[in-house]
Amino acid sequence: MGFRVIKTTIATVLAILIAHLLHIANPLSAGLLAILGVDVTRKRSIRTVSSRFLASIVGLAMSSVLFYLFGFHIWVLAVFILVGFPLIARANLKEGIVTCSVVVFRVFGGEDISMTALGTQVVLLTIGLGCAMVVNLIYMPNEEDKLTSIRRKVDGLFACIFTHIASQLRSPDYVWSGQELIEASREVELGLSTAKRALDNQVISPNEAWTIYFYMRKQQLDRIESMLQLISQIYQRMPQGESTAVLFDQLSLDVKQEIYAGTTEQMLKELEMEFKAMELPASREEFEIRSAILQLCRELALYLDISKKSKYPTGRSERSRASRSPGRA
């Protein structure tokens, strides 16, 4: 049984009981409105319940005028739908069209537009949608454990990818299916959707750390794809390839670290200095391969720049902040 079903059940029963205790006519309508008000996140619940309540009030006002002028006829109800629904949608209240319809149809069925009848509908709206909002605000499932699990999977997949890249640099004949890249992309998308849902449940002091982390990983996947295109151009084993492979070995370890230490970045700077001190290529083939390796290092630098923007550096004053951030290399 889904958690939303449990929340819907609680909100529905609570609304019916309150309407019954207050001796409101047709308390079951409050339960129906509660069903329509339950949503998946706190922020969305506040937004949709407000939209549904306002749309219903507007619909009640419009339909009451039409019923007063032309009577309770089917064609009058049709006129209300033709005119009222577009106006409600244009007022950015389209989420409340269904709730509005329930209320207006109840007025039409009762053929009564007295202040008492309309007041009863407003009270039922308040009870039904209010119970739905209260249930939504009281408790939402904590996504922290799920996000942590997804992060660990992503970090592990990135580490595997870098290990495969190091192997390809050491041995151009090395064959890798690229399955980890596909899985990492899928997990990152799952992480982004879960982080967004978790953020919508934080009404006060929202923390965007998880959203930033998974967006960072998504950007880094683009850089990794560019790296793989360059590695396909390295068809011969070279000393420069071995030196670059050491960088990816280190990165496969750094990617699992809680905070950005800058170890790979420092090694990359040292390697670039070594490349500048080397003699020029002796053949066209060597030139092409070394050019691809150099470009690969530049792509790696871009990858690391993305990490720096989303992670705190090491340091006594920064560790407490970093402990609250899911950042990685």
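In this text the structure is predicted, and so the values were computed from the model without any measurement. (Residues numbered from 1 in each chain as written. Predicted model: local features only at pLDDT ≥ 70, side-chain atom pairs only at ≥ 80, totals over all residues. Heavy atoms only, no water.)

The next point concerns the nonpolar core. Judged by nonpolar contacts, the single largest core of 48 residues is most densely connected at Phe 158, Phe 162, Phe 214, Ile 224, Phe 248, Leu 300 and Tyr 303. Broken down by secondary-structure element, the contributors of at least two residues to this core are α7 (144–170), α8 (179–200), α9 (209–231), α10 (239–254), α11 (263–277) and α12 (284–310). Ranked by the residues each element gives to this core, the list is headed by α7, at 11 residues. With sequence-adjacent residues up to four places away left out, Tyr 303 is seen in contact with Phe 158, Phe 162, Arg 217, Gln 220, Arg 223, Ile 224, Met 227, Leu 251, Val 255 and Ala 329. (Core = buried A, V, L, I, M, F, W, Y, C linked by side-chain atoms within 4.5 Å. Buried < 20%, exposed > 50% of the residue type's maximum accessible area, 1.4 Å probe, protein only. Helix = DSSP H or I, 4+ residues; strand = E, 2+ residues; numbered from the N terminus. Contact = heavy atoms within 4.5 Å.)

Going through the model one piece at a time under the given rule, you end up with 6 salt bridges. Taking the shortest distance from any N to any O, the salt bridge between Glu 242 and Arg 170 comes out at 3.1 Å. In this pair, Glu 242 sits in helix α10 while Arg 170 sits in helix α7, placing the two residues 72 residues apart along the sequence. Judged by its relative accessible area of 29%, Glu 242 is partly exposed. (Salt bridge = Lys/Arg side-chain N within 4 Å of Asp/Glu carboxyl O.)

Along the chain, Gln 168 falls in helix α7. Apart from residues lying up to four places away in sequence, Gln 168 is in contact with Tyr 174, Trp 176, Leu 228 and Ile 231.

A word on the packing of α7 against α10. With their axes 8 Å apart at the nearest point, α7 and α10 run at an angle of 170° to one another. In terms of axis orientation, α7 runs roughly antiparallel to α10. Helix-helix and strand crossings are classified by hand; for α7 and α10 the assignment is left-handed. Of the residues in α10, those touching α7 at Ala 159, Phe 162, Thr 163, Ile 165, Ala 166, Leu 169 and Arg 170 are Gly 241, Glu 242, Thr 244, Ala 245, Val 246, Phe 248, Asp 249, Leu 251 and Ser 252. Broken down by class, the residue content of the contact of α7 with α10 amounts to 9 nonpolar, 4 polar and 3 charged. (Axes fitted to C-alpha atoms, helices over the stretch in contact; angles between N-to-C directions. Parallel < 35°, antiparallel > 145°, perpendicular 65-115°, else oblique. Left-handed = near helix turned anticlockwise from the far one by under 90°. Nonpolar A, V, L, I, M, F, W, Y, C, P; charged D, E, K, R; others polar.)

Note: α-helices contain 3.6 residues per turn, so residues at a spacing of three or four share the same orientation. Along its 22 residues, α8 runs 32 Å from first to last C-alpha, staying within 8% of the 32 Å computed at 1.5 Å per residue. Taken as a whole, α8 has its buried residues at Glu 180, Leu 181, Ala 184, Glu 187, Val 188, Gly 191, Leu 192, Thr 194, Ala 195, Ala 198, Leu 199 and Asp 200. Where α8 is buried, its residues touch α3 (42–70), α7 and α9. (Expected span 1.5 Å × (residues − 1).)

Quick look at the packing of aromatic side chains now. Aromatic rings in a pair are described by how distant their centres are and how their planes are angled relative to each other. Summed over the entire model, instances satisfying the criterion amount to 11 aromatic pairs. Taken together, a centroid distance of 5.4 Å and an interplanar angle of 85° make the contact between Phe 162 and Tyr 303 edge-to-face. Note that Phe 162 is positioned in helix α7 and Tyr 303 in helix α12, a separation of 141 residues in sequence. Neither Phe 162 nor Tyr 303 differs from the other in exposure class; each is buried. (Phe/Tyr/Trp six-rings, centres within 6.5 Å; stacked < 30°, edge-to-face > 60°.)

A positive phi angle, close to 60°, is found at His 23, a residue other than glycine. Take His 23: it is sitting in the loop between α1 (3–21) and α2 (28–37). Despite not being glycine, Glu 111 shows a phi value in the positive range, around 50°. Structurally, the position occupied by Glu 111 is in the loop between α5 (97–110) and α6 (115–138). On the accessibility criterion, Glu 111 (52% relative accessible area) is exposed.

Taken residue by residue, the protein chain gives an average pLDDT of 83. The fraction at 70 or more is 91%. The low-confidence segment residues 312–325 (pLDDT under 50) makes 19 contacts with residues lying over four places distant or belonging to another chain. (pLDDT = per-residue confidence, 0-100.)

Taken together, the side chains of Val 65, Tyr 68, Leu 69, Phe 70, Trp 75, Val 79, Leu 82, Val 83 and Leu 87 define a hydrophobic patch exposed on the protein surface, amounting to about 950 Å² of accessible area. Secondary structure elements with two or more residues in the nonpolar patch: α3 and α4 (74–90). Among the elements that line the nonpolar patch, the one with the most residues is α4, at 5 residues. With respect to the helices and strands, Leu 69 occurs in helix α3. By relative accessible area, Leu 69 is classed as exposed at 55%. (Patch = residues over 30% accessible without salt bridge, like charges linked within 9 Å, V, L, I, M, F, W, Y side chains within 5 Å. Areas by Shrake-Rupley, 256 points an atom, 1.4 Å probe, with all protein chains shown as cover.)

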